[in-house]
Amino acid sequence: GENVEQHPSTLSVQEGDSAVIKCTYSDSASNYFPWYKQELGKGPQLIIDIRSNVGEKKDQRIAVTLNKTAKHFSLHITETQPEDSAVYFCAATAGGGADGLTFGKGTHLIIQP
Amino acid sequence: DSGVTQTPKHLITATGQRVTLRCSPRSGDLSVYWYQQSLDQGLQFLIQYYNGEERAKGNILERFSAQQFPDLHSELNLSSLELGDSALYFCASSVGGVDTQYFGPGTRLTVL
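Below is a summary of the structure that appears in this document. This structure is a prediction, so every number in the text was calculated from the model and none was measured.

What counts and how
Residues numbered from 1 in each chain as written. Chains lettered and ligands numbered in written order. Predicted model: local features only at pLDDT ≥ 70, side-chain atom pairs only at ≥ 80, totals over all residues. Heavy atoms only, no water. 1 Å grid on protein atoms, 1.4 Å probe; cavity = no way out; pocket = protein on both sides within 12 Å on 5 of 7 lines; lining within 4 Å. Points joined across faces, edges and corners; volume = space filled by probe spheres on them. Helix = DSSP H or I, 4+ residues; strand = E, 2+ residues; numbered from the N terminus. Nonpolar A, V, L, I, M, F, W, Y, C, P; charged D, E, K, R; others polar. Buried < 20%, exposed > 50% of the residue type's maximum accessible area, 1.4 Å probe, protein only. Pairing = 2+ DSSP bridges. Salt bridge = Lys/Arg side-chain N within 4 Å of Asp/Glu carboxyl O. Contact = heavy atoms within 4.5 Å. Buried area = accessible area lost by both parts, 1.4 Å probe. Polar contact = N/O pair within 3.5 Å; in protein donor to acceptor, adjacent residues only side chain to side chain. Axes fitted to C-alpha atoms, helices over the stretch in contact; angles between N-to-C directions.

**Focus: the layout of surface pockets**
Point 1. Here the largest pocket is characterised by a volume of approximately 600 Å³.
Point 2. Along the wall of the largest pocket there are 22 residues; nearest its centre are Q38 and F89 of chain A together with Q37, S38 and L39 of chain B.
Point 3. Elements represented by at least two residues in the lining of the largest pocket include exactly β9 (86-92) and β11 (107-112) of chain A together with β4 (31-38), β5 (42-50) and β9 (87-94) of chain B.
Point 4. Here the lining of the largest pocket is composed, by residue class, of eight nonpolar, ten polar and four charged.

So, in structure tokens, the structure goes:
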């Protein structure tokens, strides 16, 4: 089955700086890669996603890049703000009837004021 | 607010007991997914239902079962509970296949 590795496990950046979180996946059939943000006591919230026919997608301060050849994808957050502090999860799915997401272990992003 | 509702919010029970967790998907969504989140295992996919039928199974134990009813709400049944079953259980819903999954607020299960 699919295996998703996520790095780093903890990331501390100064407010206003950029943050980058990286993930690799194992199943070349995977074609959907969402990123979720989870705040304490809440369920995961989708922040951006990308499909395998696209190499990059941007939404305001958040961008995701996908390299299908290398089987890795990354989340980029620019101009970080205190409210960006949370745990971020990458995920992957191959679809085709097995549509459950395989998640990375998460990155605890800390924005230092 | 994702539009996915889960009840109860918290559940405390004893080993060997059986509990039922309930999920109502977003209006219009036909797929319901169940996930377990624990410190050691992370977020794990358990099972998916689509329009009342089981569609995919993940790392679901034989002691666990689920169903989706005609009104599309779903229930996750956990039996013969063990201490290690203590976790957050999330329900997510989507329109159909490989679509955006929206997560509910979760049910925190504590097994004593």
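**Brief notes about unusual backbone geometry**
Point 1. A cis amide bond links H7 of chain A with the next residue in sequence, P8 of chain A, at an omega value of -5°.
Point 2. Among the secondary structure elements, P8 of chain A is positioned in the loop between β1 (4-7) and β2 (10-14).
Point 3. Omega for the peptide link from T7 of chain B to P8 of chain B comes to -10°, which places this bond in the cis form.
Point 4. Considering the arrangement of structural elements, one finds P8 of chain B in the loop between β1 (5-7) and β2 (10-13).
Point 5. Its identity as a non-glycine residue notwithstanding, E79 of chain A has a phi of 45°, on the positive side.

**Observations concerning the pairing of β9 of chain A**
All names here are of chain A.
Point 1. For β9, a buried count of six out of seven residues is recorded, marking the element as mostly surrounded by other parts of the structure.
Point 2. Inspection of the sheet shows strand β4 (residues 32-38) paired to β9 by four bridges, in the antiparallel sense. Paired with K37 across the two strands is Y88, which belongs to β9.
Point 3. As defined by bridge partners, β9 adjoins strand β10 (residues 102-103) across two bridges and the pair is classed as antiparallel. The partner of A91 across the bridge, within β10, is F103.

**Points about the pattern of salt bridges**
Point 1. Applying the stated criterion across every chain yields a total of seven salt bridges over all chains.
Point 2. Ionic pairing is found between R63 of chain B and E82 of chain B, a salt bridge with its closest N-O pair at 3.7 Å. With R63 of chain B in the loop between β6 (53-57) and β7 (64-68) and E82 of chain B in the loop between β8 (74-78) and β9, this residue pair connects regions lying 19 residues apart in the sequence.
Point 3. On the basis of relative accessibility, which here comes to 43%, the residue E82 of chain B falls in the partly exposed class.
Point 4. Overlapping salt bridges bring together K37, E39 and K42 of chain A as one network.

**Observations regarding the interface of chain A and chain B**
Point 1. With 21 residues of chain A at the contact, the number on the chain B side is 21 residues.
Point 2. With both sides pooled, the region where chain A packs onto chain B buries about 1,500 Å², and carbon together with sulfur makes up 53% of that total.
Point 3. Taken as a group, P44, D99 and F103 of chain A account for 30% of the area that chain A buries against chain B, more than any other trio of residues on that side.
Point 4. At the surface where chain A touches chain B, the tally comes to zero salt bridges.
Point 5. There are five residue pairs in polar contact (both at pLDDT 80 or more) connecting chain A and chain B.
Point 6. Those elements that place two or more of their residues in the side of chain A that touches chain B are β4 and β5 (45-51) of chain A.
Point 7. Taken together, the residues that form the side of chain A that touches chain B break down as eight nonpolar, eight polar and five charged.

**Overview of the sheet that holds strand β7 (residues 62-67) of chain A**
Sheet strands pair by backbone hydrogen bonding; their relative direction is either parallel or antiparallel.
Residue and element names in this part refer to chain A.
Point 1. One open sheet accounts for five strands, arranged β1-β3-β8-β7-β6; its pairing is antiparallel. Because the sheet does not close on itself, it has two edges, and the strands there are β1 and β6 (56-59). Across the sheet, the axes of successive neighbouring strands diverge by a mean angle of 15°, strand direction being ignored.
Point 2. Pairing analysis gives six bridges linking strand β3 (residues 19-25) to strand β8 (residues 72-77), with the strands arranged antiparallel. Directly across from C23, in β8, lies its bridge partner F73.

**A word on the side chain of D84 of chain A**
Residue and element names in this part refer to chain A.
Point 1. Looking at where D84 falls in the secondary structure, it is placed in the loop between β8 and β9.
Point 2. Look at D84 and you get buried, because its relative accessible area is 6%.
Point 3. Excluding its chain neighbours within four sequence positions, the residues that come into contact with D84 are K37, R61, I77, E79, L109 and I111.

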